[in-house]
2 protein chains.
Amino acid sequence: MDKTLYICNIFYYSMISGKFAITIHILTLLTKFPNDFLSSEFIAGSMNLNPVLVRKEIANLKAHHIVESKEGKNGGTKLLKEASDITLKEIFELTFDNINLGYAKNQPNPDCPVGKKVNQNLSELYADINEKVGLQLKKITLEDFSSQF
Amino acid sequence: MDKTLYICNIFYYSMISGKFAITIHILTLLTKFPNDFLSSEFIAGSMNLNPVLVRKEIANLKAHHIVESKEGKNGGTKLLKEASDITLKEIFELTFDNINLGYAKNQPNPDCPVGKKVNQNLSELYADINEKVGLQLKKITLEDFSSQF
DNA sequence: CTAAACTGTAACATTTTTTATTACTAATTA
DNA sequence: TAATTAGTAATAAAAAATGTTACAGTTTAG
């Protein structure tokens, strides 16, 4: 079968809300074994998670050139960069759009002065929060985080 | 019917993930009309939300002595405190346990050194984030937020 | 003193999101 | 060339969030 048929329609992929935690876990394992290609099965075993979900997160990491992976027997995934050159801010950004404290699901009433502006005002508040969190996460490298284990 | 039968078993209530946004919206409206009892119907109209959900959030605000409400005809809800005496930190705390970037759903493998400690290490990271966000939200009062409208 | 307009909240239904599974193609290596 | 591994589609299942209905109890206006 033609490989192009396999091209992923990204919109069919659901988000994974434990994305950040899962991605950190994967990267911590890769940091502990920087010279080995770790299989999704092995990684999934540490997380008690389905290997397919691990591979989805790895696909994301690959798209951001954080890891490389090798198909076939003895294949797996390894870091492309030094753990000391990866910050938690990068990992955060590749697993989250932004930190936010949520929006109401429905479009508020545009005829109400509050309804009309509430989402914009919340966005601005959240942008500030996001910036502060980003500054903090930028100071922590994957190496820092992994060395706690 | 005996009123005690109406006692709410909190565990049967689902969380509302737009809780913070909804609560802020409610409080902003109450701030705009500090002398009136606003009905859940009116508030829900500004949010395009079911009045029952508004009443659920109001129940939470009442439990924290932020608002009072009056049953019966011409009833509704009003602020118990000045908007300048309510910080966004308080609102955050009453709608969120903590800010966090998520945990994987399943218990990780306790036989893996990483699996064994990952949630604890994430918790510590999240606690730091939470503290920073809290400091920021403490500086903003409901009055500050509402005056943007 | 009664009808209307509210809140409170239970119970349940629906929708949306997240997570898990299965299945199969393709690649790699021993 | 068989075994092992990634890639990813498709679908199923589970969990979480949101919405609805219903009705008891409260208050007030008239």
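What comes next concerns the included structure. Predicted model, so just to flag it, every value in this text is computed and none were measured.

Check the secondary structure of chain A and you find six helices and two strands. A burial count over chain A gives 44% of its 149 residues as buried. Across chain A, the fraction of contacts at a sequence separation of at least 24, relative to all contacts at a separation of at least 6, is 64%. Counting only carbon and sulfur atoms, one obtains 51% of the accessible surface of chain A, whose full area is about 8,600 Å².

At the junction of the two partners, chain A supplies 48 residues and chain B supplies 48 residues. Our count for the contact surface shared by chain A and chain B stands at 10 residue pairs in polar contact (both at pLDDT 80 or more). If you list the elements that add at least two residues to the side of chain A that touches chain B, you get helix H1 (19–32), helix H2 (40–47), helix H4 (88–93) and helix H5 (113–138) of chain A.

At an RMSD of 0.0 Å, chain A and chain B line up after a rotation of 180 degrees and a shift of 0.0 Å along the axis. Such a combination of turn and shift is consistent with a two-fold rotation axis. In this assembly the copies share their binding face: 100% of the residues contributing to the interface of chain A also contribute to that of chain B.

Two residues of an α-helix separated by three or four positions point the same way, owing to the 3.6 residues in each turn. Its 14 residues place the ends of H1(A) 20 Å apart at the C-alpha level, agreeing with the 20 Å of an ideal helix rising 1.5 Å per residue. With 13 of its 14 residues buried, H1(A) lies for the most part within the structure.

Our focus in this paragraph is the packing of H1(A) against helix H5 (residues 113–138) of chain B. Orientation of H1(A) relative to H5(B), taken along the N-to-C sense of each, is 125 degrees, at an axis distance of 11 Å. Relative to H5(B), the element H1(A) is oriented oblique. H1(A) and H5(B) meet at a crossing whose hand is right-handed. Counting all contacts with H1(A), which are made through Phe20(A), Ala21(A), Ile24(A), His25(A), Thr28(A), Leu29(A) and Lys32(A), the residues of H5(B) involved are Val114(B), Gly115(B), Val118(B), Leu122(B), Leu125(B) and Tyr126(B).

With that settled, the discussion passes to the packing of helix H1 (residues 19–32) of chain B against helix H3 (residues 51–63) of chain B. Each pair of packed helices can be summarised by the angle the axes make with each other and by the distance between the axes. Residue and element names in this part refer to chain B. Two numbers describe how H1 lies on H3: the axes approach to 10 Å, and their chain directions differ by 80 degrees. Viewed along their axes, H1 and H3 adopt a mutual orientation that is roughly perpendicular. Contact residues: H1 offers Lys-19, Ile-22, Thr-23, Ile-26 and Leu-27, while H3 offers Val-54, Glu-57, Ile-58, Asn-60 and Leu-61. Across the contact of H1 with H3, the residue classes tally to six nonpolar, two polar and two charged.

Before going further, it helps to spend a moment on the pattern of salt bridges. Inspection of the entire model under this criterion finds eight salt bridges over all chains. Lys81(A) serves as the salt-bridge partner of Glu90(A), at 3.2 Å between the closest nitrogen and oxygen. With relative accessibility at 24%, the residue Glu90(A) sits in the partly exposed group. The residue Lys89(B) makes a salt bridge to Glu93(B) at a minimum N-O spacing of 3.1 Å. Of the two residues, Lys89(B) and Glu93(B) are both situated in helix H4 (residues 88–95); the distance of four residues between them amounts to about one turn of the helix. In this structure Lys89(B) comes out as partly exposed when scored by relative accessible area, which is 25%.

About the criteria used
- Residues numbered from 1 in each chain as written.
- Chains lettered and ligands numbered in written order.
- Predicted model: local features only at pLDDT ≥ 70, side-chain atom pairs only at ≥ 80, totals over all residues.
- Heavy atoms only, no water.
- Helix = DSSP H or I, 4+ residues; strand = E, 2+ residues; numbered from the N terminus.
- Buried < 20%, exposed > 50% of the residue type's maximum accessible area, 1.4 Å probe, protein only.
- Contact = heavy atoms within 4.5 Å.
- Areas by Shrake-Rupley, 256 points an atom, 1.4 Å probe, with all protein chains shown as cover.
- Polar contact = N/O pair within 3.5 Å; in protein donor to acceptor, adjacent residues only side chain to side chain.
- Least-squares fit on C-alpha atoms with pLDDT ≥ 70 in both.
- Expected span 1.5 Å × (residues − 1).
- Axes fitted to C-alpha atoms, helices over the stretch in contact; angles between N-to-C directions.
- Parallel < 35°, antiparallel > 145°, perpendicular 65-115°, else oblique.
- Left-handed = near helix turned anticlockwise from the far one by under 90°.
- Nonpolar A, V, L, I, M, F, W, Y, C, P; charged D, E, K, R; others polar.
- Salt bridge = Lys/Arg side-chain N within 4 Å of Asp/Glu carboxyl O.

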